2 protein chains.
Amino acid sequence: MNVPWVLIFPEIAGVISLALAWYFSKLVMKEDPGNERMQEVSGYIEKGAKTYLKVQYKILGIFVVGLAIALLFLINPGEFSWFTMIAYLIGSVGSMWAGYMGMIVGVKANTRAAQGCSISVKKGFDISFFGGCVMGLAVVAVALIGVSTIYWIMAAIGVEKPVSVVLGFSFGASSIALFMKCGGGIYTKTADVGADLVGKAEYKLPEDDPRNPASIADNVGDNVGDIAGMGSDLFDSYVASIVAGMLLAAALTQVFTNNAVFIILPILLSTAGLFASIIGIYIIKIWKTDDPGKLLNGGTYLATLVFIGLALVFILIARPFVSTANDVNALWGSWLCAAIGLLSGIVIGWTSDYFTREDKKPTRDMAHAAQEGDAVVVLSGFSYGLLSVVPPALGIIVAMGFSFFIGSVLIGSGVYGVGMAAVGMLSIVGTIVSNDAYGPICDNARGIAEQGELGEDVIRIADSLDSAGNTAKAITKGFAIGAANLTVLALLFSFREEARSVINNLGLIPIPAKIEIFGLEFPNIFSLLNPSTTLIEFIQKGIMDLLNPSVLIGAFIGVVVPALFSALLIMSVQRNAAKMVDEIRRQFEESPKILTGEVAADFNKCIDIATRGSLRELILPSIISILIPIAVGILFGITALGAFLAGAILSGFVFAIFMANAGGAWDNAKKWIENGNLGGKGTDIHKASITGDTVGDPFKDTAGPSINTLLVVMSLTASIFLIFIVAVGGGVGLLGFP
Amino acid sequence: MNVPWVLIFPEIAGVISLALAWYFSKLVMKEDPGNERMQEVSGYIEKGAKTYLKVQYKILGIFVVGLAIALLFLINPGEFSWFTMIAYLIGSVGSMWAGYMGMIVGVKANTRAAQGCSISVKKGFDISFFGGCVMGLAVVAVALIGVSTIYWIMAAIGVEKPVSVVLGFSFGASSIALFMKCGGGIYTKTADVGADLVGKAEYKLPEDDPRNPASIADNVGDNVGDIAGMGSDLFDSYVASIVAGMLLAAALTQVFTNNAVFIILPILLSTAGLFASIIGIYIIKIWKTDDPGKLLNGGTYLATLVFIGLALVFILIARPFVSTANDVNALWGSWLCAAIGLLSGIVIGWTSDYFTREDKKPTRDMAHAAQEGDAVVVLSGFSYGLLSVVPPALGIIVAMGFSFFIGSVLIGSGVYGVGMAAVGMLSIVGTIVSNDAYGPICDNARGIAEQGELGEDVIRIADSLDSAGNTAKAITKGFAIGAANLTVLALLFSFREEARSVINNLGLIPIPAKIEIFGLEFPNIFSLLNPSTTLIEFIQKGIMDLLNPSVLIGAFIGVVVPALFSALLIMSVQRNAAKMVDEIRRQFEESPKILTGEVAADFNKCIDIATRGSLRELILPSIISILIPIAVGILFGITALGAFLAGAILSGFVFAIFMANAGGAWDNAKKWIENGNLGGKGTDIHKASITGDTVGDPFKDTAGPSINTLLVVMSLTASIFLIFIVAVGGGVGLLGFP
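These numbers were taken from a predicted model, which means no experiment stands behind them.

This paragraph deals with the nonpolar core. Judged by nonpolar contacts, the single largest core of 585 residues is most densely connected at Val166(A), Leu486(A), Ala555(A), Val166(B) and Ala555(B). Every residue in contact with Ala555(B), bar those within four places of it in the chain, is listed here: Ala646(A), Leu650(A), Leu546(B), Ala643(B), Phe644(B), Ala646(B) and Gly647(B).

This paragraph deals with the environment of Thr471(A). Residue and element names in this part refer to chain A. By secondary structure assignment, the location of Thr 471 is in helix H15 (residues 456-506). With 21 C-beta atoms counted inside 10 Å, the residue Thr 471 sits in the buried group. Sequence separation of Thr 471 and Thr 356 is 115 residues, and the distance between their C-alpha atoms is 8.2 Å. Excluding its chain neighbours within four sequence positions, the residues that come into contact with Thr 471 are Gly 293, Asp 353 and Arg 357.

With that settled, consider the interface of chain B and chain A. Between chain B and chain A, the residue contacts involve 58 residues of the former and 58 residues of the latter. Elements with a minimum of two residues in the side of chain B that touches chain A: helix H5 (162-202), helix H11 (374-387), helix H12 (390-411), helix H15 (456-506), helix H18 (549-590), helix H22 (638-674) and helix H23 (684-720) of chain B. Ranked by residues supplied to the side of chain B that touches chain A, first place goes to H18(B) with 15 residues. Its residues assigned to classes, the side of chain B that touches chain A comprises 42 nonpolar, 12 polar and four charged.

It is worth spelling out the environment of Tyr52(B) at this point. Residues and elements named next belong to chain B. Note on placement: Tyr 52 falls in helix H2 (residues 36-74). Sequence separation of Tyr 52 and Gly 132 is 80 residues, and the distance between their C-alpha atoms is 20 Å. Ignoring any residue separated from it by four or fewer positions in sequence, one finds Tyr 52 in contact with Tyr 187, Val 220, Val 224 and Thr 611.

So, on to H22(B). Residue and element names in this part refer to chain B. In a regular helix each residue adds 1.5 Å, so 37 residues correspond to 54 Å; H22 covers 53 Å between its end C-alpha atoms and thus fits that length. Across the 37 residues of H22, 35 count as buried, placing the element largely inside the fold. Following H22 by one or two positions, Gly 676 adopts a phi angle in the positive range, close to 105 degrees.

On to the packing of helix H18 (residues 549-590) of chain A against H11(B). H11(B) packs onto H18(A) with a crossing angle of 150 degrees between their chain directions and a minimal axis gap of 8 Å. Between H18(A) and H11(B), the interaxial angle falls into the category roughly antiparallel. Where H18(A) crosses over H11(B), the handedness of that crossing is left-handed. Only Val376(B), Leu379(B), Ser380(B), Phe382(B), Ser383(B), Leu386(B) and Leu387(B) of H11(B) make contact with H18(A), whose side of the interface consists of Ala563(A), Leu564(A), Ser566(A), Ala567(A), Ile570(A), Met571(A) and Gln574(A). In terms of residue class, the contact of H18(A) with H11(B) is built from 10 nonpolar, four polar and no charged.

What follows covers the relation of the copies chain B and chain A. If you rotate chain B by 180 degrees and push it 0.0 Å along the axis, it lands on chain A with an RMSD of 0.0 Å. Expressed as a symmetry operation, the mapping of one chain copy onto the other fits a two-fold axis. Identified as the residue of chain B closest to the rotation axis by C-alpha distance is Asp545(B), at 2.2 Å. By residue overlap, the copies meet face to face through one surface: 100% of the interface positions of chain B are interface positions in chain A.

Over its 14 residues, helix H11 (residues 374-387) of chain A runs 20 Å from end to end, which matches the ideal 20 Å to within 8%, given 1.5 Å per residue. Burial analysis of H11(A) places 14 of its 14 residues in the buried class, which makes it a mostly covered element.

This next bit is on unusual backbone geometry. Phi at Lys204(A) takes a positive value of approximately 55 degrees, unusual for a residue other than glycine. With respect to the element layout, Lys204(A) can be found in the loop between helix H5 (162-202) and helix H6 (215-251).

Reading the values: rules and limits
Residues numbered from 1 in each chain as written. Chains lettered and ligands numbered in written order. Predicted model: local features only at pLDDT ≥ 70, side-chain atom pairs only at ≥ 80, totals over all residues. Core = buried A, V, L, I, M, F, W, Y, C linked by C-beta atoms within 7 Å. Buried ≥ 20, exposed ≤ 12 C-beta atoms within 10 Å, placed from the backbone. Contact = placed C-beta atoms within 7 Å. Helix = DSSP H or I, 4+ residues; strand = E, 2+ residues; numbered from the N terminus. Nonpolar A, V, L, I, M, F, W, Y, C, P; charged D, E, K, R; others polar. Expected span 1.5 Å × (residues − 1). Axes fitted to C-alpha atoms, helices over the stretch in contact; angles between N-to-C directions. Parallel < 35°, antiparallel > 145°, perpendicular 65-115°, else oblique. Left-handed = near helix turned anticlockwise from the far one by under 90°. Least-squares fit on C-alpha atoms with pLDDT ≥ 70 in both.

And the structure:
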């Protein structure tokens, strides 16, 4: 296939971005790492985080190899499966690297940021922010270079379906992200909840007190959960949004005359987004203000505006490559859809912000509910959390409806319009990741300032940076959930196109009994299982009629899965936190001198509990996310599998937003009370607000954010194992109703 | 239409059932109502409950008249709309009567049951149970007589669509049930949470202590929420299951040769269920055992077995009325489906039982979680609640899959099979309602025994009756949610059939500009709105393709609605409970002698707060449940409306089961601790378990059970306003994507 040379732009953007990441990391590293105690604490955190990742990557290694072999045999056999497997491995490694790198910079930046806070607000901000940028820029660069290089090479050597190989890359990124996100989420909340329940509630120790044996584990948790987990997560959504658009364009052969241009258009739009993010970061660097909240949000808004302009430039660059009036219209339509997508993302972010900000009604109401006791503050957060689902749902509906409409009118394909909206929404992910990684760095900096005894003033500055991070995070979190949702919708549409073509082809091409790979012969698992060839019109048309019982069953299972998944993750946190609580109590009881500061607490024991527990607990939820879609497809058929994904996407959206916002609001209601309102710290009202916050912890940091990744992994699983599923289940499913 | 004379059976069953209800009420009334103080308390409760219902019925009066007028003008105009309106009024009045009557008997039985407990366990049990039976039998009798009489008359006088008139009856029952359920649920928890938060938590008063100003309101709440609300609720599900089956048979004209037989088959099967319930109640009456749990569950299992046998008898009775081999097979198939439905209901009930019983792992784990504080017990209940959704979801999937399969093979229509499964599941609703109404009577009896100072022994007996009621309730609650869910699925299928026929007809028949009703001419709202006549193949085939954006949007809105609805109800409870808390604190502060028992608390003030608050708060959630489906249908079209219902059914199921089970388990974990485990009453562990219970209160008694009714009302709204929706929105919807 003829690939336009414009694919050079993402490569250039990626290289610039990597260079900047390297530059920022140097910038951070040359700062003063603070006094000895601070370096010691930072060293503990770094060691704990590395231990965790080392053990996790060992487990992941086994998993990756196993899945790579499965891919080799279960997806469409031949050369193609080798390429896909290699792309999968690259994606996996890329995702692991994104997490590792972000974390390393994070643990280097935290102590420096703490020291920076003793100089000025802006200094502390800069170190935290540029620390975050290293990860933001590197993640996006790797994703963009990976996608465009793999596609370019595959297209150049003439692989039949180059985009499907890129799908392998995306699947690698997502499956690793799921492990990182679940494991990190369980780890961070095991430590946090454990530290809070005993240290804060029972022994009245302040946050991050070095006497608390779980304090280091808590800081490690911020890094492995919020930085490494989140980096992998956004890496995966970002790649998935691009791949969904590419898959759609590749399938819609009759819509575009210059198909190749529309396949790479998602990459070009994402390139515009990366440049926009870089400009946004540059403006933050030169902006002379001491208000960290203004800096973070200003950067996001600016990147949005710049993206809309730069995307237009890339549309103009792509224009000479299309030859028909229809295709020219389609380019304009794609630009509009991308802009709508990004703007909707911002609006969705605002609604999350409203529901979680301490100066707005919901959080205030929750704080006041604390006056009536623990139960009422829980109920208040629960109901506001559920209510907060409505505005972003409307946002997604409007974004989808509009982009589908524009897609239908201008592009000639509504679904491609939705795909472009998803690409637009995720285009400035560089900025989003930078803002997000900023948060845990400040959080750690605050802890290190406390442990390094830098004094109240410095801690207060670190606190103000942390609080700005929380506000920015509220916007980016809603944004990320919305973007992931639109992405999985686009994946769902591309799944249908894939399914239609697979089923049409399978009906014509007999499946061979043996597969030859590089001269070696293997029995073909498909032919052994004697696939049914009853391929009904229904499936061929790609219709998922909700009132076909198989489809209804698929949707039913799909709706239940996010609930099951959330339950498993929350239970994991609980089980682990209980072990942590026992350990902390044991330490305090066996050596009461820990509490007076005469004896150092045994941090390693707590780190060990968090590490081993989270790795053990992440296995079940991760495995089911891959096995359930395959099982649904085999048992109830392809249309049921589509409905399963739709059901999971819809209910997953409700659970993700509900949990993220309820958790965020409880946290901020507690902080507002801690700032001296309603009696402040130490009162019963404060205690009630801590209960709310503790309930919200696994909501907002474990279950809520993992649902996104769950949805992406399930969607990609359905697409990548499609041929296997059709071969075993016969398309209509072993138990399927025609 | 020729109606088989066998419709005489439901009439006879209804009359026998009413006679028995009258006999049981006499039996209860002739018992000793206890000492003066008990009668005084019972009088307060009766007065409070009557005040609430009086005010509520006034508001409902306005609502009913308004909706009746809307029906007259907005549904298919002509004679038909008059009949439907009258049926609607009868259904409304029937539902109100069911609630009122159950409550009256309840408030008479409670004091007598308390006195009965001072004689023997069995005496106390009998009075409570037969008090409950009065409502159980009366509700089913009215429903069965109503449905069969309306259908018989309509068919006899030759109305074109007699079943659609019966739909009016069902809509009346459901819309009232929604008000009763929401209002009662808010009332009962306003009082309960208020009484607990101040009385129990702050002032350490025992449950039902007469010094607590909210104690009477709490008892009133049990009656208006658990008896009146629940009676209306099951009345409505029961009627809806029968109507769904009738509508399906009426629409499936090409499936059955002897269509009329299959239209009345749901009524006949329900008649078998009523007889089975009566036999179950009779066995409980003569069974010589002192174990109340065994009696209640034994009655349910027995009724199940008897139903399966009696249904066979009715199939044999119906057999001479069918003339073809296909129709004979269809009768057998219907019997099988009904049996599968009922058995699945029992299995679903067991799973709810497992997740909420104090001697099973989930509740025990939750009790142990209380050792780690308030937040952990909340998290534990939350995650077990979510987990508990999985088994009943599988139950529904299996019931639906099997009955669809049997329906396809034996009946020639899978959807009719699902309809019969729903009818089977709800057939023994007489037993279910009796068991359910038993609970609040015991609960009240315990309160009256406490207030009437009957001594520890009597209170302990009343407690044991109450606890058996809770266990029975766990089974019946899961059962009721499952049954409602299968019913709304059947309604969804019948909605599709209706939509198909409406759209096919509208395409052919021009709509007149004026309507003549009894000689008076009215302008036709349909023709004014200039309906679009773009009726695409898609709609005509009744396909709801999940990947059509309108359908996806409909499903998305549907999935969000139960979350929104739950949030609104929980917020209502919270707002009201806060007022109640203020009032109780005010009373204690202004007259401290209330606490020493020297001055009587002002019960009326608390009753007033609960009454007025709950009525004000129920309006918004009730209205949206009628307006949203109409809006979705008009804006996005008929297929989107179907998907909206499907989305709401699926996510509603998740929320309903989650809330009911989490709430039940928290309650029982608390009770287990109160029975002396883990340190018993007064400890921090007990306090944490009270937090769990208080969070669970609005879950299990307000939001959870109201969702069922919400789903039924929305489904019926879609069917009954179908012609209006198509006329205004043109079938494809004003904003719909074709």
